Structures are given as C-alpha cells and as structure tokens.
Amino acid sequence: MVFNAKLRVPHMKSLSPKSAHPIFKLIEQCKNIATLKQVHAQVIISGLILHTYPLSRILILSSTLAAANSYALTIFNQVNNPTIFLFNTLISSSLARKDDQVHFSLALYTRILTQTTLKPNNYTYPSLFKACSSQPWLQHGRALHTHVLKFLEPPYDHFVQASLLNFYSRSGKLGVARFLFDQITRPDLASWNSILTAYAHNTSVQYEASFDNAYDRTNLSLEVLLLFNQMQKSLTSPNEVSLVALFSACADLGALSQGIWAHYYVLRNRLKLNRFVGTALITMYANCGRLDIARQLFDQLLERDTYCYNSMIRGLAVHGLGLEALDLFVKMELQGLVPDDVTMLVIICACSHVGLVDQGCKFFGSMKEDYGIEPKLEHYGTLVDLLGRAGRVKEAEEIVQTIPMKPNAVLWRSLLGAARVHGNLEVGKSALKQLIQLEPETSGNYVLLSNMYASLNKWDDVKIVRKLMKDHGIDKAPGSSIVDIDGTMHEFLISDETHPHAKWIYLKLDEMNRRLQEHGHKSGTREVLFDIEEEEKEDALSYHSERLAIAYALIASDSGSPIRIIKNLRVCSDCHAATKLISRIYEREIIVRDRSRFHHFRNGACSCLDYW
C-alpha cells in the first residue's frame, strides 16, 4: 500500500475513540460492506489507516458486515507488523459472527505464536475460550489453558479467569472450574457469575433423569445457594445473571422461600425483569408448585419469546394441565413464534401426563413435516413414555428398536417403567437386559423389574433380581423427601429417626396410620420386600420418606398452609392412595413433586387423576 508522502497525518492524540474527526462518524454509520469500502478508501487517502484505532474499527465492521472474513483479512494482511491489539480485534470480531469462525480465529492465533515480536496478552484468550467450549473444539481450549500458564503472569486478568471458568464448566469439568475459582483472591462479579452459572447449568432439572444422580443435582443446587451467600458476604452486588443462576437452583430444590426472597431482591433493586430473568422466575415458581404465580408472571412479561413459552408450557405439563398447555401452544403460534425442539418436547410431555396419546403422536409426526425439526433421543424418549403410560407397551418397544440412533438408558428405562405398570414381563426383562449393559450400577433399573415381579407375586423372580443386585454390589437408592417449613428445608429418608423432633413425628405418624385405617385405607403391600411378614410390610410403607415429611409438616406448619414436598423417586401407589386420604382427613392441600411430575392432593383427590 502506497501513501502520498506530502499527506498530513493527524497526530495520535487526536485519534482517541472520542475524536470528532468526521471520518469516525462515517465509519460508525456504515450499514453495509459497499459503504464501508468507500469509507475505507477515505481512511487510506487521509492517512488515518496508519493509526490503530480507525484501522481496528474498519476491521470490526468488515468482520460484522461482510458475508465472509475475506475482506477483513485482506485489510489485515496489508498492515506491516500488525500489533497484538489488531490481532485480538480481528479474533474477537470474527467470533462475534453468527456463523462458525472458530477455525479462522485459531488460525489467527497461530500466526501470533509464529511472530517473534508478539506475545498473546489478557485480551487474546477470553473470546477463544468461549469459542472452544463445545465440540469439536474442546481439546483446543485445554491447549489454550497451557498457553495462559506460559504467556501470562499471575494473577490473571478477571476476564481471563472468568473465561477459563466458563470453558471448564461448559465442557463438563465442574471440579476444575471450582478449583480455578478458589484460586481467585477477590472474585469480581464476572467470576462469581461464572461459577454460579457453572453449578446452575449442571443442575438443569431433568425430571426423567436416573435415580442415582438425583443427589448429585441436589448437592449442586445447594452449592449455588451457598456460593450466593458467600457472594453477598463479599459485598459483591448480584445482577440479573447471578439471579438467574439462583432461580435455577431454587427451581431444582423446590426452595420456594429462597426463590421468593430472590424475586423480591429483583423488585427491590429495580433490576430489569427481562425475558431471561422472567423465564427463570416462571420455571422456579412452576417447579416449586406455585403455578398460579408462574402464570401471572408469564402474562405480565412484556417480552415473551419461545423460551418463555417453553417454560410455561413445561410448567403446565408437569402439573398435569395438558389441555391448558395445548391452548398455550396455539397462542404461541398465533403470536408468530416458531416452536423449537424444546417446545415439541414439552408439548408431547404435556400430552403424556394426561393420556392424550393420539394428540401427542400427532405432534411428534409434525416435528419434521411442519417445523423442520429432526427428532432427537429426548423426543423419542417422550414418545415411548407417552405410549407406555397408555398401555401401548409393544408399540413403545417397536419405537425403541427402530429409531435411527442408538437408544440410551432413558429410553430403555421408560420402556421398563411402562412394562412394570402394565405387567408386561417379556418387555420388562428385555429392557432390563439393555439397561444392565448401559448402566450396570444403577439400582433403579433392578428395582423397577423387581417391583414388577412383586406386583405379579413372582417372588422367586424377585429373589433372582435381588441376588443379581447383591452380586454386583448394588444397593437400592434410598427414597428421600424434602419439606419446606418457613424457609427451612427438612430432608427425610425411609424410617428416618435422625430429625431433632423424631419422637413427635412418629407419634403423629401413628395417629395418621390409625385415622387412615378408620377411613378404610388398606396398604398395598405387593411391591414391598417379599421376605418379611405382611404386618411388617405395612409398617415399611408407613415409614416411607414422604409419610415422615407429611407428619412433620402437620406438626410444624400453619394449619391453613399447603404442604410442599419434593421426592427424588416416583411416588409409590400406596403412598399416593394414602396421601389422597390424608388431604381429606386433615383438610390440608398437599403438593408433591416426584421425579416426573407434580401431584396436587385436595379433598381426597389428586390432580393426576391416578394417571402417573
């Protein structure tokens, strides 16, 4: 590139970002690549191209406005000895594009490494770590971490630390992310948000998840609450990102009191109730059993996108309001919003929970035909659940055997659960065989088949399954129930005697059992261990974790307030029948969230209509 030697080049001090030079205004007004090329020519003629700031603005706009990076790269390649600032500018601006430019940015980074006069700095890595936080680029992110150790002097810039935390959390290395966070002496807001989001992201509530990871999710959510408390003690004020992570944790735990406090914090500090915060709040209230507040918030949101609708439809689905979920789906389409793969997942789930089999199958069939959405494993899993709940077990089995990808454990477990409910031994044994290969140490798989044998009085087969568990060193995952009393979470296991008020809880439990018998309740003992006496079986059922939680709530909570319980397992048929009766005897509303849905018990009836 040749410049007129007589051209007056402006002094560097006049070229700050706030410069009043008319060229700068022209640069910022460029709306397309053609206009930018004209302004670029003016920058060359004026000599401003010799200065870093206008050149960087040209590079950013050329990366943003052009269909490819070729024009930006042409400009960049004409610069003699480009500075690390210009390299960083082109890397970050290319990664800001919607299309995949990771390869291009990594190639630019490689050029930096080949320059003997250049060295990466704090501004080089954050955008690269963000770009490498998903497949197939994860290995490059780990390599970049070694370069951080090589080229940067500790303590590292907060943006570098936050980008490292995000990279490892998004790549599933939560332990590494926490180790890095703990090395930070005074975490700033970005670092706090990174670690909070890391834990909250890894907890994402999956109601159909396996039995054995329920405790892990609970522990992760509790860690979010503890970290948020530490953040407050450090006098770092949370923002919308922090609170979205907190809402997600409260949603997973069913921690309504903490969620209400966080919602009040948003209102008190006049934080923006945008669609991200609004969606997190809707999910939190729906997961905590307050669907009424969730719907109120949804109706009040000024910005409602597909994510907001997905959250509300899912809330209606897990509360058993399938018809309302379908109505909301129709409204979503009328507003011009396009359903995505999550929308289709939750709407089929809504059909599954209320037995709308034909409607659910129709939605599944319309995914590719009407919306261009290729079904994923999760969609096939929901379809199997839909058919299995309705007793169409053989059809569900055919789906699992003929899908275009390898079935995962969730699909086989859905099939095994359907086989158990409807007593199809052949399908149940086939499903368990596959599950043992995929998850040989997951106790819930064996328990499902064992319960199916027990319900059919096939005690010899129960014995074989129990022996198989013993041979593999597998213990049954204990049932756990959590009840929220005045903002404090109380957890109970089966036959739990560790609570400080255990004496009074068991006295109340005796009273509950007596009154249940007076009202004609007879325990369904077929699924209880076969090698104990019938009377002991009834005792075993009486000491299930949700019975203990209900007993404590009857003692410790206000007589007019609903009882809210969260279970880690599916509610058993006997406890379901007993809880319906308890709601009538004690005139209390009891809301139970098990691993697949909500049950609202009122006046001796359940919202699921005994279809779960």
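Model, not experiment: these values are computed from the prediction.

### What to know about the packing of helix H23 (residues 409-422) against helix H25 (residues 443-455)
Item 1. With their axes 9 Å apart at the nearest point, H23 and H25 run at an angle of 15° to one another. When the axes of H23 and H25 are compared, the pair comes out roughly parallel. You can see that H23 and H25 cross each other, and the crossing is left-handed. Within the contact between the two elements, H23 uses Arg413, Leu416, Gly417, Ala419 and Arg420 and H25 uses Asn445, Leu448, Leu449, Asn451 and Met452.
Item 2. In terms of residue class, the contact of H23 with H25 is built from five nonpolar, three polar and two charged.

### Overview of the sheet that holds strand E4 (residues 590-593)
Item 1. As summarised here, the arrangement of the six strands in space is E2-E1-E3-E4-E5-E6, forming an open sheet in which the pairing is mixed. Only two strands of the sheet have a single neighbouring strand rather than two, namely strand E2 (488-493) and strand E6 (605-606).
Item 2. One ladder, built from four bridges, connects E4 with strand E5 (residues 598-602); its direction is antiparallel. By the bridge assignment for E5, Ile591 is matched with His600.
Item 3. Contacting strand E1 (480-485), E2, strand E3 (563-567) and E4, helix H29 (residues 545-556) crosses the sheet at an angle of about 15° to E1.

### Describing the UniProt feature "repeat: PPR" (unreviewed entry) in the protein chain
Item 1. UniProt tags residues 305-339 as "repeat: PPR" (unreviewed entry).
Item 2. Summarising residues 305-339: 74% helix, 0% strand, and an end-to-end C-alpha distance of 10 Å.

### Thoughts on helix H22 (residues 393-402)
Item 1. Restricting attention to buried positions, one finds in H22 the residues Val393, Ala396, Glu397 and Val400. Each buried residue of H22 lies within a common arc of 100° when the element is viewed along its axis, so the set occupies one face.
Item 2. On its buried face, H22 is in contact with helix H21 (377-389), H23 and helix H24 (425-438).

### A closer look at the pairing of E4
Every other side chain in a regular strand lies on the same face of the sheet, so the side chains alternate between the two faces.
Item 1. Where burial is concerned, the two faces of E4 agree: the one with Ile590 and Val592 and the one with Ile591 and Arg593 are both buried.
Item 2. Where E3 meets E4, four bridges bridge the pair, whose relative direction is parallel. The residue bridging Arg564 from the neighbouring strand is Ile591, located in E4.
Item 3. This β-α-β element, E3 to helix H30 (residues 573-585) to E4, shows right-handed connectivity.
Item 4. Here E4 folds back onto E5, and the loop between the two strands holds four residues.

The rules behind the values
- Residues numbered from 1 in each chain as written.
- Predicted model: local features only at pLDDT ≥ 70, side-chain atom pairs only at ≥ 80, totals over all residues.
- Heavy atoms only, no water.
- Axes fitted to C-alpha atoms, helices over the stretch in contact; angles between N-to-C directions.
- Helix = DSSP H or I, 4+ residues; strand = E, 2+ residues; numbered from the N terminus.
- Parallel < 35°, antiparallel > 145°, perpendicular 65-115°, else oblique.
- Left-handed = near helix turned anticlockwise from the far one by under 90°.
- Contact = heavy atoms within 4.5 Å.
- Nonpolar A, V, L, I, M, F, W, Y, C, P; charged D, E, K, R; others polar.
- Pairing = 2+ DSSP bridges.
- UniProt positions renumbered as here; feature names shortened; annotations may be inferred.
- Buried < 20%, exposed > 50% of the residue type's maximum accessible area, 1.4 Å probe, protein only.
- Arc of directions from axis to C-beta.
- Right-handed = clockwise from strand over helix to strand, strands pointing away.

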